[in-house]
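Summary of structural features
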Amino acid sequence: MVVTSAFVGAGVVALGAASQLPDAKAVNPTVLQNLEEAASAGDALAERTAEGERASRGEERGTNVKISEEQAEADAWLLPLNDYQFTSAYGVRFGKLHAGIDLAAPEGTPYMAVHAGQVTSAGYKGGYGYAITIKHADGSEMIYAHSRRLLVKSGDKVKAGQVIGEVGNTGYSYGTHLHLEVHVKGAPTDPIVFLREHGVDIKLRIESVYGDLAAS
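Structural notes, computed from the coordinates. Nothing here was measured: the structure is a model prediction, and the numbers come from that model.

Calculation rules
- Residues numbered from 1 in each chain as written.
- Predicted model: local features only at pLDDT ≥ 70, side-chain atom pairs only at ≥ 80, totals over all residues.
- Heavy atoms only, no water.
- Salt bridge = Lys/Arg side-chain N within 4 Å of Asp/Glu carboxyl O.
- Helix = DSSP H or I, 4+ residues; strand = E, 2+ residues; numbered from the N terminus.
- Buried < 20%, exposed > 50% of the residue type's maximum accessible area, 1.4 Å probe, protein only.
- Polar contact = N/O pair within 3.5 Å; in protein donor to acceptor, adjacent residues only side chain to side chain.
- Contact = heavy atoms within 4.5 Å.

1. Brief notes about the pattern of salt bridges
According to the stated counting rule, one finds 6 salt bridges in the structure shown. Here Glu-166 and Arg-149 are joined by a salt bridge, their closest N and O atoms 2.9 Å apart. Of the two residues, Glu-166 sits in strand S10 (residues 163-167) while Arg-149 sits in strand S8 (residues 141-150), which places them 17 residues apart along the sequence. For Glu-166, a relative accessible area of 10% gives the class buried. Between Asp-156 and Lys-153 there is a salt bridge whose closest N-O contact spans 3.2 Å. Linked by salt bridges that have partners in common, Arg-148, Arg-149 and Glu-166 make up one network.

2. Re the side chain of His-98
Assignment of secondary structure puts His-98 in strand S3 (residues 96-98). Polar contacts involving the side chain of His-98 include one to the main-chain carbonyl oxygen of Gly-100, which spans 3.1 Å. Separated by 3.3 Å, the side chains of His-98 and Asp-102 make a polar contact. Those residues in contact with His-98, other than ones at most four positions away along the chain, are Ser-88, Ala-89, Tyr-90, Gly-91, Val-92, Arg-93 and His-179.

Given below as structure tokens:
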């Protein structure tokens with residue numbers, strides 16, 4: 001009986017409170033407009049959130065998209081040697097500009113094309129000794145110098161990772177090494193900086209993200 005009385009009492013209180021509410025027709029029109037605007041804003045926010053989630057899922061799926069081997073070959077930038085010692089940087093040396101970097105390796109060690117391109121010259125080139133120049137699609141050129149032997153000729157098209165010559169000590173050289181030089185718009189530039197911009201770090205021995213696929 002006590003419980004029943006409590007429920008009855010609560011019902012009376014609720015009815016009393018409801019009787020104090022204003023009639024819906026008497027509600028201020030401004031209040032109703034504000035409520036409608038708030039509801040519309042809430043719907044718009046929910047829609048934007050849903051669109052953001054769909055876009056995020058799309059981006060996640062995009063990371064799993066596989067590229068073709070041809071695209072990987074075209075985009076890849078690789079290290080020219082599997083093993084080497086960085087011995088000389090780009091800069092002034094003996095009062096003259098040393099326009100490239102030197103990577104020491106045993107004589108006869110095969111070296112590879114860093115990036116796909118066309119061989120514009122291959123042969124003996126004065127102080128460079130036996131050297132290869134490859135022009136890339138972006139117009140930049142890379143010179144591989146002091147070779148013992150060249151394995152490509154002028155006019156050949158090469159892929160990143162393709163063996164193009166052997167390390168030597170020809171020309172004006174102070175030891176067996178590969179001299180790597182980069183020209184952008186005809187002017188020499190620091191290969192370390194240039195290659196880092198393409199995902200290759202000579203000092204840390206890091207290649208571009210497509211390196212493994214292109215070389216496989």
